[in-house]
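Structure assessment
Each chain, written out:
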Amino acid sequence: MKGQGRIVKLIGGFYYVDDGQAVYQTRARGNFRKKGIKPLVGDEVIFESSNPTDGYILELLARKNTLVRPPVANIDLVITVTSLKEPDFQANLLDRFLVMQHFAAINTLLYVTKGDLLTPAAYGVFEPIFAYYQRIGYPVLMTQNPFLAENLQALTDHLQTQTAVVTGQSGAGKSTLLNHLNPDLALATGVISQSLNRGKHTTRQVELLKFGSGWIADTPGFSSLEIDQIPLDELKDQFVDFVPFSAQCRFRGCQHVNEPGCAVKNAVADNEIASWRYDNYLQFRTEIESKTRFQYKRK
Ligand SMILES: Nc1nc2c(ncn2[C@@H]2O[C@H](COP(=O)(O)OP(=O)(O)OP(=O)(O)O)[C@@H](O)[C@H]2O)c(=O)[nH]1
Ligand SMILES: [Zn+2]
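Since the structure is predicted, the reported quantities are computational estimates derived from the model, not experimental observations.

Thresholds applied
Numbering of residues begins from 1 in every chain and follows the order in which that chain's sequence is written. Just so you know, chain letters begin at A and ligand numbers begin at 1, following the order they were written in. At least 70 in pLDDT is required for a residue's local features to be given in this predicted model, at least 80 for side-chain atom pairs to be given and counted, and no such filter applies to totals for whole chains, interfaces and linings, which use all residues. UniProt positions are given in the numbering used here, feature names are shortened, and annotations may be inferred rather than shown by experiment. Numbering of helices and strands starts at the N terminus; helices are DSSP runs of H or I of at least 4 residues and strands are runs of E of at least 2. C-beta atoms are placed from the backbone for every residue, and two residues are taken to be in contact when these atoms lie within 7 Å. By definition, two strands form a pair when at least two bridges between them are found by DSSP. By definition, a residue lies near a molecule or strand provided its backbone-derived C-beta atom is within 6 Å of it. Each residue is assigned to one class: nonpolar for Ala, Val, Leu, Ile, Met, Phe, Trp, Tyr, Cys and Pro, charged for Asp, Glu, Lys and Arg, and polar for all the others, Gly among them. As a rule, residues whose C-beta atom has 12 or fewer other C-beta atoms within 10 Å are exposed, those with 20 or more are buried, and those in between are partly exposed; C-beta atoms are placed from the backbone. Relevant arc is that of directions from the helix axis to the C-beta atoms, nothing else.

Things to note about the UniProt feature "binding site: Zn(2+)" (unreviewed entry) in the chain
Residues given the UniProt feature "binding site: Zn(2+)" (unreviewed entry) here are C249, C254, H256 and C262. Residue position: C249 is located in the loop between α8 (243–246) and α9 (263–269). When residues no more than four places from it in sequence are discounted, the contact partners of C249 are C254, E259, G261, C262, A263 and V264. Leaving out residues up to four positions away in the same chain, C262 has contacts with C249, C254 and H256.

Re unusual backbone geometry
A cis amide bond, omega 0 degrees, links E86 with the succeeding residue P87. Among the structural elements, P87 can be located in the loop between β8 (77–83) and α2 (91–103). At E86, a residue that is not glycine, the phi angle is positive and equals roughly 50 degrees. Positive phi outside glycine occurs at A105, with the angle close to 60 degrees. Secondary-structure assignment places A105 in the loop between α2 and β9 (107–113).

Quick word on the pairing of strand β12 (residues 207–211)
Where β12 and strand β13 (residues 214–218) come together, 5 bridges link them in antiparallel fashion. Directly across from E207, in β13, lies its bridge partner D218. With antiparallel pairing between neighbouring strands as the criterion, β12 and β13 make up a hairpin whose turn holds 2 residues, including G212 at a positive phi of roughly 60 degrees.

Some points on the site of ligand 1
By nearness alone, 18 residues border ligand 1, and G173, K174, S175, T176 and G221 come closest of all. A per-element tally of the shell around ligand 1 places helix α5 (residues 174–181) first, with 3 residues. Residue composition of the shell around ligand 1, by class: 4 nonpolar, 11 polar and 3 charged.

Overview of α5
Among all positions of α5, only K174, S175, L177, L178 and L181 are buried. Take α5 and look down its axis: the buried residues cluster within an arc of 160 degrees, on one side only.

Observations regarding the environment of K291
One can find K291 in helix α10 (residues 275–298). For the pair K291 and D228, spaced 63 residues apart in sequence, the C-alpha separation works out to 6.8 Å.

Now the structure itself:
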């Protein structure tokens with residue numbers, strides 16, 4: 001038979017395709033292989049299969065978007081799980097996630113965890129920081145006890161028919177959040193967490209799981225993230241809080257570094273743009289510049 005379905009996981013060179021009725025184990029064939037295009041979890045595909053364990057992907061349908069890390073396609077929403085403690089909150093890492101997700105044109109929601117490990121006073125320090133992210137356009141779900149029913153319900157309301165991916169730093173609480181969200185998901189992650197005994201990192205591969213009428217995927221955590229695939233002069237556009245000001249910069253194409261009459265720098269001085277955001281912007285620029293220089297040298 002020939003059918004259309006979605007790749008829900010990738011293990012050992014096999015792509016598992018869900019066509020809404022069943023899941024088929026397939027391998028990649030098709031023209032796209034010659035072009036060097038690799039199927040990703042989340043891809044819509046045309047496949048051929050005579051039985052559930054022996055099929056072929058013939059064709060990849062056009063992708064809406066692609067997230068490089070984790071490698072997933074056709075995502076509507078990324079839930080970026082951000083812990084306040086164990087591991088400590090790092091605005092630099094959070095901004096990396098946000099910049100990469102904006103560059104990939106994927107919507108982001110912030111889910112804040114581990115407030116329960118802090119005193120109310122220590123927790124309070126973080127409130128204005130996340131209020132800032134909320135103000136510049138990122139939905140934020142944040143309560144001191146992160147897994148209160150109302151907070152989980154608010155997240156469920158955001159999910160609906162969407163395809164969502166849970167991402168974030170190692171140990172931030174991604175799997176824990178999924179377990180709280182739905183007992184059915186807990187089953188799926190429960191299998192994986194048996195391997196917990198062998199090491200610290202639980203989630204090793206991306207798998208799309210049915211959630212309500214949509215899909216959700218846990219992903220392996222990571223502790224660093226390179227932003228150097230973003231072209232240097234496009235980095236400023238990924239800082240969503242800079243964009244409303246940049247139209248008032250004296251020079252078109254202002255990079256907000258040394259240019260006179262820069263409205264973004266003025267906004268930083270006036271505390272309208274958070275200084276840590278601007279500092280991270282300059283740091284990311286330096287990283288991209290040093291990478292680019294390296295590439296020129298090699299030619
Ligand atoms: N106190 C507290 N502990 C939490 C919270 N969220 C997660 N944890 C604990 O933190 C540890 C790591 O949680 P996980 O859900 O495995 O983290 P993860 O982000 O999935 O980790 P990786 O799969 O390694 O990327 C576990 O021991 C959880 O029980 C929270 O909000 N509060
Ligand atoms: Zn400027």
